[in-house]
Amino acid sequence: MPLICLGLEGTAHSFGAGVVSGEGRVLSNCWDMVSPQEGGIHPREASRHHSDMGPDIIKKALTEAGVAFRDIHLIAFSRGPGLGPCLRATATMARSLALKLGVPLVGVNHCVAHIEIGCLESGFRDPVTVYVSGGNTQVIAFAGNRFRTFGETLDIAIGNMLDVLGRIVGMRFPAGPGIEKEAEKGENYHSLPYSVKGMDVSYSGMLTAARRLYSEGVALSDLCYSVQETAFGMLAEVTERAIAHTKKTEILLTGGVARNKRLGEILTGVANRHGAAFHTVSPPLAGDQGAMIAWTGILQHSAGDKLDVADSHVRPKWRTDEQDITWRASS
Ligand code: AMP
Ligand code: MG
């Protein structure tokens, strides 16, 4: 039997368990997400969700993969970055499983995992990655032996901005899909702060301005259209600069906001202008899920990475560029 890894992801609102084989076959990928009736995510509520739902989600992932606990060779877990209580609940499950099964434990960086699963799916070897989600907004490229963050948000993540805007206009969490639908009907562009500072972006000013436009009676469809065009245009500018600077030939779009068709269109334009290939990670692998953790765990393990349970504390603020990427040839 090939190497089988169980990956647990629980950095924020979702808990996921995925089973992946050593040659990169995703055998299962199960998850469940906290869905607050109103307001945002509360870290403690989310961590309780993970502890309560975790065991059943793990069992479901094993059943769907057609493997038993005794077939697992490796346990990988999302070590950070993320919400402390959520990370700890997930790490506790990973440690107990590794100890009980007597198999190695690997701690995976969540952002790195988004890139690696995208590379597995697309066959890309060295992309500029645009990682956009509820908690992160980063443009990342490999240089030296690390994934460097070329640009990122200086304040709130793009998905968070969309979700808060959605809450203001009466949409349920997560609001991204609702905003995308409204935006398709929009016709009139209303000016919003376009905030690119060096390679970084900022979305909080746009949120404040969008709230004002809404209270002034601007049609919801026009508001959503204007927000999308501005927010995505900013990302396109940073991506374009990253491509021009690094001379890489692939652009990978991932994270929950990657589901947005308009964002894909805009970045396809960037890729075409630079003769680069473009890939949007498919929805089941774009959001937070366990398969990406399992796959990255396999890559780390294959490069000799080991984590003692005693040293396996979580890293809520673990940056993408703080980890040596031992399984890739340095560039
Ligand atoms: P993640 O944090 O990766 O699980 O992704 C969740 C985020 O993706 C939330 O902020 C959602 O609002 C956002 N999202 C999901 N679908 C879409 C979409 N079609 N357009 C824009 N944002 C989306
Ligand atoms: Mg994520």
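Keep in mind it's a predicted model, so treat the numbers as computed, not measured.

Caption draft 1: Layout of the domain arrangement of the protein chain. Under the domain assignment used here, the protein chain contains domain 1 (4-114 + 286-322) and domain 2 (126-283). Centre-to-centre, using C-alpha coordinates, domain 1 lies 27 Å away from domain 2. On the domain 2 side, the residues contacting the 20 residues of domain 1 number 20 residues. A combined buried area of about 1600 Å² lies between domain 1 and domain 2, and 52% of that area is made up of carbon and sulfur atoms. Summed over the three residues of domain 1 that lose the most area to domain 2, namely His114, Ala286 and Asp321, the buried surface amounts to 34% of that side. Counting every contact that joins domain 1 to domain 2 gives one salt bridge.

Caption draft 2: Structural detail: the coordination of the magnesium ion (ligand 2). The protein atoms donating to the magnesium ion (ligand 2) are His110 (NE2), His114 (NE2), Tyr131 (OH) and Asp288 (OD), with metal-donor distances spanning 2.1 to 2.4 Å. Counting gaps between the donor residues of the magnesium ion (ligand 2) yields the pattern H-x3-H-x16-Y-x156-D. Here His114 and His110 lie together in helix 3 (residues 110-122), a separation of four residues that amounts to about one turn. Classification of His110 by relative accessible area gives buried; the value is 2%.

Caption draft 3: Focus on the site of ligand 1. Taken together, 17 residues form the shell around ligand 1, and within it Gly134, Asp163, Gly176, Glu180 and Gly256 come nearest. In this structure, an oxygen atom belonging to ligand 1 sits 3.0 Å away from a main-chain N or O atom of Gly134. In this structure, Glu180 approaches ligand 1 through a side-chain N or O atom, which is 2.7 Å from a nitrogen atom. Bound to the protein, ligand 1 loses 94% of the 500 Å² it would expose on its own. Placement of ligand 1 is best described as lying within the largest pocket. Mapped onto the shell around ligand 1, the elements with two or more residues apiece are helix 4 (158-168) and helix 5 (176-185). Of the residues assigned to the shell around ligand 1, the class counts are five nonpolar, eight polar and four charged. Here the shell around ligand 1 spans two domains, and each of domain 1 (4-114 + 286-322) and domain 2 (126-283) adds at least three residues to it.

Caption draft 4: Spatial organisation of the nonpolar core. With 47 residues, the main nonpolar core has Ile158, Met161 and Tyr203 as its most contacted residues. Of all the secondary-structure elements, those providing two or more residues to this core are strand 6 (128-132), strand 7 (137-143), helix 4, helix 5, helix 6 (204-215), helix 7 (220-246), strand 11 (250-254) and helix 8 (261-273). Residue contributions to this core peak at eleven residues, all from helix 7. Those residues in contact with Tyr203 that lie beyond four places of it in its chain are Thr137, Thr153, Asp155, Ile156, Ala157, Ile158, Met161, Ala231, Met234 and Leu235. In this structure, Leu74, Cys119, Leu252 and Val281 belong to the second largest nonpolar core, which totals 30 residues.

Caption draft 5: Region of the structure containing the sheet that holds strand 2 (residues 14-21). Taken in spatial order, the five strands make up an open sheet running 3-2-1-4-5, and their pairing is mixed. At either margin of the open sheet sits one strand with a lone partner, and together these are strand 3 (26-33) and strand 5 (105-109). For this sheet the average axis-to-axis angle between neighbouring strands, irrespective of direction, equals 20 degrees. Relative to strand 3, strand 2 runs antiparallel, the two being bridged by seven bridges. Bridge assignment links Phe15 to a residue of strand 3, and that residue is Asp32. Strand contacts of helix 3: strand 1 (4-9), strand 4 (74-80) and strand 5, with the helix running at about 85 degrees to strand 5, the strand carrying the most contacts. Packing against the sheet, helix 10 (residues 290-302) makes contact with strand 1, strand 2, strand 3, strand 4 and strand 5, and its axis sits at approximately 50 degrees to strand 2.

Caption draft 6: Quick look at the packing of helix 4 against helix 7. Across the interface, helix 4 lies against helix 7 with an axial gap of 12 Å and an inter-helix angle of 170 degrees. For the element pair helix 4 / helix 7, the angle class is roughly antiparallel. Between helix 4 and helix 7, the contacting residues are Ile158, Met161, Leu162 and Leu165 on the first element and Leu223, Val227, Ala231, Phe232 and Leu235 on the second. Here the residues of the contact of helix 4 with helix 7 sort into nine nonpolar, no polar and no charged.

Conventions used here
Residues numbered from 1 in each chain as written. Chains lettered and ligands numbered in written order. Predicted model: local features only at pLDDT ≥ 70, side-chain atom pairs only at ≥ 80, totals over all residues. Heavy atoms only, no water. Domains from an automatic or database assignment. Contact = heavy atoms within 4.5 Å. Buried area = accessible area lost by both parts, 1.4 Å probe. Salt bridge = Lys/Arg side-chain N within 4 Å of Asp/Glu carboxyl O. Donors = N, O, S within 2.8 Å, 3.2 Å for Na, K, Ca; no water. Helix = DSSP H or I, 4+ residues; strand = E, 2+ residues; numbered from the N terminus. Buried < 20%, exposed > 50% of the residue type's maximum accessible area, 1.4 Å probe, protein only. Near = heavy atom within 4 Å. Polar contact = N/O pair within 3.5 Å; in protein donor to acceptor, adjacent residues only side chain to side chain. Areas by Shrake-Rupley, 256 points an atom, 1.4 Å probe, with all protein chains shown as cover. 1 Å grid on protein atoms, 1.4 Å probe; cavity = no way out; pocket = protein on both sides within 12 Å on 5 of 7 lines; lining within 4 Å. Sits in = over half its atoms within 2 Å of the grid points. Nonpolar A, V, L, I, M, F, W, Y, C, P; charged D, E, K, R; others polar. Core = buried A, V, L, I, M, F, W, Y, C linked by side-chain atoms within 4.5 Å. Pairing = 2+ DSSP bridges. Axes fitted to C-alpha atoms, helices over the stretch in contact; angles between N-to-C directions. Parallel < 35°, antiparallel > 145°, perpendicular 65-115°, else oblique.

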